[in-house]
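Structural overview for review
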Amino acid sequence: MSGELPPNINIKEPRWDQSTFVGRANHFFTVTDPRNILLTNEQLENARKIVHDYRQGIIPPGLTENELWRAKYIYDSAFHPDTGEKMILIGRMSAQVPMNMTITGCMMTFYRTTPAVLFWQWINQSFNAVVNYTNRSGDAPLTVNELGTAYVSATTGAVATALGLNALTKHVSPLIGRFVPFAAVAAANCINIPLMRQRELKIGIPVTDENGNRLGESANAAKQAITQVVISRILMAAPGMAIPPFIMNTLEKKAFLKRFPWMSAPIQVGLVGFCLVFATPLCCALFPQKSSMSVTSLEAELQAKIQETYPELRRVYFNKGL
């Protein structure tokens, strides 16, 4: 019966307490679950229907609370929180582990020649550009021209940084050389993310009160959001790019890899994948998805507008993106 499920479960918010790291980690372990990318369009649309119907007070007969939360997390994994649009498959956070383990594993295996560095860094930054666009904050659409400019500037800057770092390490030990891809990825994230989200820095992102009432757009909020995402992404890459080099450096001295050198890439990819399964959700959880800042930190014009309408309001909230 429809009466079995209470109509007031707040599925606009995550199931777990987002004021704690553990609560955010539980949330992101569910959202970034790689199995979500195997869901069919029919399953995604069914989840969207359940979520939309429930928000309007329509409860399908026999729907349980666990099924409702499952539908909510399927919906969150595939649809943008601000626009409601279905996200590009490889740009979804559930695709982060399989995509990143493959790309990162190859970057760390084929790092000795300039063409290989150029190719894999370009692949990596192109993938990052898709992820950064897909998980942007706000609902203002990018024009094709803006998107093209952002992609070219982001990938060119990031790849040039990687090549520059690679050139600086020609005369260092092989072990240190293995860390070049991580240094390049860290530096490139500082370039790629702001450039792919440059519209937010110019125009701002929507800020709301605690109840979701839209108050305006703020570029200062965008700066805080993008800074938090850059930090999360760098730390997300760290375990998968810092731990395997030590293991691979040891393994390559053993008889097994000398006899089967082609196994180097699959082993590297597997090691990176294992690290990313944990690093992806845990680093997404470092900062709340619904971020906040003091009204006094906003632009003067927006502060004045808010103080005139909501004089008691002290903090505003916004989706920081991922």
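The name given to the protein in an unreviewed UniProt entry is Sidoreflexin, with the source organism recorded as Canis lupus dingo. UniProt, in its Sequence similarities (unreviewed entry) section for the protein, records the words "Belongs to the sideroflexin family." If you open the UniProt record of the protein and go to Subcellular location (unreviewed entry), you find "Mitochondrion membrane".

Taken as a whole and assessed by the stated rule, the structure comprises five aromatic pairs. Relative to Tyr73, the ring of Trp16 lies with its centre 5.7 Å away and its plane at 45 degrees, an arrangement referred to as tilted. With a gap of 57 residues between them, Trp16 in the segment before α1 (21-31) and Tyr73 in helix α3 (residues 65-78) connect regions that are remote in the sequence. Judged by relative accessible area, Trp16 falls into the partly exposed class, the value being 30%. On the basis of relative accessible area, Tyr73 is assigned to the buried category, the value being 3%. Aromatic pair Phe274 and Phe278: ring centres 5.5 Å apart, planes at 70 degrees, arrangement edge-to-face. Residue Phe274 and its partner Phe278 are located together in helix α12 (residues 264-284), separated by four residues, close to a single helical turn.

What follows covers the pairing of strand β3 (residues 290-294). Across the two faces of β3 the burial differs, with Ser291 and Met293 buried and Lys290, Ser292 and Ser294 not buried at all. With five bridges connecting them, β3 and strand β4 (residues 315-319) associate as antiparallel partners. By the bridge assignment for β4, Met293 is matched with Val316.

Before going further, it helps to spend a moment on a nonpolar patch on the surface. A surface patch of nonpolar side chains, amounting to about 850 Å² of accessible area, comprises Phe21, Val22, Phe29, Ile231, Leu235, Phe274, Val277, Phe278, Leu282 and Leu286. Of all the secondary-structure elements, those providing two or more residues to the nonpolar patch are α1, α10 (219-251) and α12. If you tally residues by element for the nonpolar patch, the top one is α12, at four residues. Of note, Val277 is situated in helix α12. For Val277, a relative accessible area of 38% gives the class partly exposed.

With that settled, the discussion passes to the pattern of salt bridges. Taken as a whole and judged by the stated rule, the model has eight salt bridges. Of the charged contacts in the structure, one is a salt bridge between Lys290 and Glu13, with a shortest N-O distance of 3.4 Å. Of the two residues, Lys290 is situated in strand β3 and Glu13 in the segment before α1; the sequence distance between them amounts to 277 residues. By relative accessible area, Glu13 is classed as partly exposed at 28%. In this structure, Glu45 engages Arg48 in a salt bridge whose closest nitrogen and oxygen atoms are separated by 3.1 Å. Highlighted residues: Glu45 and Arg48, both in helix α2 (residues 41-55), separated by three residues, approximately one helical turn. For Glu45, a relative accessible area of 32% corresponds to the partly exposed category. A single network of salt bridges, built from pairs that share partners, joins Glu45, Arg48 and Lys86.

We now examine the nonpolar core. Counting residues in each nonpolar core, the largest one holds 28 residues, and the members touching the most others are Leu5, Ile9, Ile11, Tyr54 and Leu68. Listing elements by their share of this core, those giving two or more residues are α1, α2, α3 and α12. It is α3 that provides the largest number of residues to this core, a total of seven residues. Setting aside chain neighbours within four positions, we find Leu5 in contact with Tyr54, Ile59, Leu63, Thr64, Glu65 and Leu68.

In this section: the packing of α10 against α12. Here α10 crosses α12 at 150 degrees, and the two axes come no closer than 8 Å. With respect to each other, α10 and α12 are oriented roughly antiparallel. The crossing of α10 and α12 is right-handed. Taken together, the residues of α12 that come into contact with α10 (itself represented by Ser232, Leu235, Met236, Pro239, Gly240, Ile243, Pro244, Ile247, Met248 and Leu251) are Ser264, Ile267, Gln268, Leu271, Val272, Cys275, Leu276, Ala279, Thr280, Cys283 and Cys284. The class makeup of the residues in the contact of α10 with α12 is 16 nonpolar, five polar and no charged.

Cut-off values and rules
- Residues numbered from 1 in each chain as written.
- Predicted model: local features only at pLDDT ≥ 70, side-chain atom pairs only at ≥ 80, totals over all residues.
- Heavy atoms only, no water.
- UniProt positions renumbered as here; feature names shortened; annotations may be inferred.
- Phe/Tyr/Trp six-rings, centres within 6.5 Å; stacked < 30°, edge-to-face > 60°.
- Helix = DSSP H or I, 4+ residues; strand = E, 2+ residues; numbered from the N terminus.
- Buried < 20%, exposed > 50% of the residue type's maximum accessible area, 1.4 Å probe, protein only.
- Pairing = 2+ DSSP bridges.
- Patch = residues over 30% accessible without salt bridge, like charges linked within 9 Å, V, L, I, M, F, W, Y side chains within 5 Å.
- Areas by Shrake-Rupley, 256 points an atom, 1.4 Å probe, with all protein chains shown as cover.
- Salt bridge = Lys/Arg side-chain N within 4 Å of Asp/Glu carboxyl O.
- Core = buried A, V, L, I, M, F, W, Y, C linked by side-chain atoms within 4.5 Å.
- Contact = heavy atoms within 4.5 Å.
- Axes fitted to C-alpha atoms, helices over the stretch in contact; angles between N-to-C directions.
- Parallel < 35°, antiparallel > 145°, perpendicular 65-115°, else oblique.
- Left-handed = near helix turned anticlockwise from the far one by under 90°.
- Nonpolar A, V, L, I, M, F, W, Y, C, P; charged D, E, K, R; others polar.

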